[in-house]
Amino acid sequence: MKIISWNARGLGSPSAFRFLKLLVKEQRPDLLFLIKTKLTCNSVDRFCSCLKFSNGLEVPRLGMKGGLLLLWLANIDVTLNSYSMNHFDVLVSSDNCHQFHFTGFYGAPETHLRINTWNLLSSLVSNASNLPWLVLGDFNELLSNEDKVGGPPRDDMLMDNFRGAINRCHLRVVYFNGDPFTWTNKNHHGNVVRERLDRGFIYNNWSDFFNKATLSHLDFYHSDHRAIEYIVSQPNLPVLSSQRRIRFRFEQMWLKDTDCRDIVQAFWCTNSSRQPTASVLQNIAACTAALQDWHGKKYGQMGKDIAAAHKTSSHLNNINDNSTAHLKWVEDADKVLDELLEKEELYWHQRARVDWLQSGDSNTKFFSFQS
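Within any chain, residue numbers begin from 1 and follow the written order of that chain's sequence. Whole-chain, interface and lining totals are the exception, using all residues; otherwise, since this is a predicted model, local features are given only for residues with pLDDT of at least 70 and side-chain atom pairs are given and counted only at 80 or more. By convention in this description, side-chain values take in all heavy atoms of the structure and omit both hydrogens and water.

Digging into the packing of aromatic side chains
The condition that has to hold: Ring pairs are drawn from Phe, Tyr and Trp, using the six-membered ring of Trp, whenever the two centres fall within 6.5 Å, and their geometry is named by plane angle: stacked under 30 degrees, edge-to-face over 60, tilted for the rest. Numbered from the N terminus, helices here are DSSP runs of H or I no shorter than four residues, and strands are runs of E no shorter than two. Buried means the residue's accessible area, taken with a 1.4 Å probe over protein chains only, is under 20% of the maximum for its type, while exposed means over 50%, and partly exposed covers the values in between.
Tallied over the full model, the rule gives 14 aromatic pairs. Taking 5.7 Å as the distance between ring centres and 80° as the angle between the ring planes, the aromatic pair formed by phenylalanine 100 and tryptophan 206 counts as edge-to-face. Of this pair, phenylalanine 100 sits in strand β7 (residues 97-106) while tryptophan 206 sits in the loop between β14 (198-203) and β15 (215-217), placing them 106 residues apart in sequence. With respect to burial, phenylalanine 100 and tryptophan 206 carry one shared label: buried. Plain terms: the ring middles of phenylalanine 100 and phenylalanine 210 are 5.7 Å apart, the flat faces sit at 85° to each other, and that makes the pair edge-to-face. Pair noted here: phenylalanine 100 is in strand β7 and phenylalanine 210 is in the loop between β14 and β15, with a separation of 110 residues, a long-range link. Taken individually, phenylalanine 100 and phenylalanine 210 each receive the classification buried, so the pair is uniform in this respect.

Remarks on helix α1 (residues 14-27)
Keep this limit in mind: Take the residue count of a helix, subtract one, and multiply by 1.5 Å to get its expected span.
An ideal rise of 1.5 Å per residue puts 20 Å on 14 residues; α1 measures up with 20 Å between its terminal C-alpha atoms. α1 sits mainly inside the fold: 10 of its 14 residues count as buried. By the burial criterion, the buried members of α1 are Ser15, Ala16, Phe17, Arg18, Phe19, Leu20, Leu22, Leu23, Val24 and Gln27. Positioned one or two residues after α1, arginine 28 has a phi angle of 50°, which is positive.

A word on the packing of helix α3 (residues 114-123) against helix α4 (residues 156-168)
Stated formally: Interaxial angles span 0 to 180 degrees and are taken between N-to-C directions of axes, which are lines fitted to C-alpha atoms, for helices over the stretch in contact. We call two directions roughly parallel when the angle between them is under 35 degrees, roughly antiparallel when it is over 145, roughly perpendicular when it lies between 65 and 115, and oblique otherwise. Throughout, a contact is declared for two residues whenever any of their heavy atoms are within 4.5 Å.
Two elements in contact, α3 and α4, have axes whose closest approach is 9 Å; the angle formed by their N-to-C orientations is 5°. Taken together, α3 and α4 sit at an angle that is classed as roughly parallel. Listed contacts from α4 to Ile115, Trp118, Asn119, Leu121 and Ser122 of α3 are Asn161, Phe162, Ala165, Ile166 and Arg168.

Some words on the sheet that holds strand β1 (residues 2-7)
Rules: Pairing between two strands requires that DSSP report at least two bridges joining them.
The sheet built from seven strands is open, its strands ordered β3-β4-β2-β1-β16-β15-β11 with mixed pairing. With partners counted over all chains shown, the strands left at the sheet margins are β3 (55-59) and β11 (176-177), one partner each. Here β1 runs beside strand β16 (residues 228-231); their pairing, made up of four bridges, is antiparallel. Looking at the pairing, lysine 2 lines up with isoleucine 231 of β16. Where α1 meets the sheet, its contacts fall on β1, β2 (31-35) and β16, and the angle it forms with β1 comes to roughly 160°.

Concerning unusual backbone geometry
Despite not being glycine, arginine 28 shows a phi value in the positive range, around 50°. By the element assignment, arginine 28 lies in the loop between α1 and β2. The phi angle at tyrosine 221 is positive, at roughly 50°, despite the residue not being glycine. Relative to the helices and strands, tyrosine 221 is located in the loop between β15 and β16.

And the structure:
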């Protein structure tokens, strides 16, 4: 089971939502915890629909601040224990995964309120004390000054309070792979500060049920925070990929392309088999493979351009270079990627618009069906 936590720094703009869709498309999480969404009430259904999640929970923004989302796929069972502006606390299980206690956590941005969130975290231990516990999120605090570069040192008392809360909860740090810093102030014209604010912790009994895994520090996806990923897996059980990774979809636009008919005719064998069912299944498999290959070659260039642009952006973000020239390259790479994502979005919107108008013009029942 793949779980991702990400401080999105607001999801109200079209650009931010495009990068969220890119994150989901590339990483394919089973459970997604989103922080600082800045979304109004009743946004969860729209996000579930657009991102192809089956269920979700939301905490709307307060004024123009905060906001949380927790989204999950149909094969995941989630039971809510408690929630607030700073957390979701749930029980999670699936057919191939033992039930565990999960907390998506957001430490208070204001230093004078942070002690309250540590008290909140300490209180969550009793929600399922016998179950393995995983905590992921943006804690807005450091464990030591080794977790930052640039800017003044962090106050020792603030870090002591954080460490004390972790010890009281009997939590252990999850080791990571990737760039050590998960947040940057993105100050392209001054003092660049990088810190490790996003973390994962596991309860003492975690290894009794699950494999120990490392936390992966992913890309920023245009936020000031990296997404972080943790894969929950049990010993001697394979890590299963999401089914939507291999689902075949017949695109309606193929019917408007004469190449599609030619491919089906070429790969559909009309031999007189004594096993007609087997023959039909073989023909479907052959046509499916041929159509997917054809679609990738004819319509897949846009996706390849996006993948290449994202690879460039991610590579530049992982280079420890604070020079003005390098930071300008990072900014320009993000702009190129956003422009490509916008181009792709417009393409699909225009295609849907054309299908709507053409189908509606030829048959008014189309409009009745759609409504």
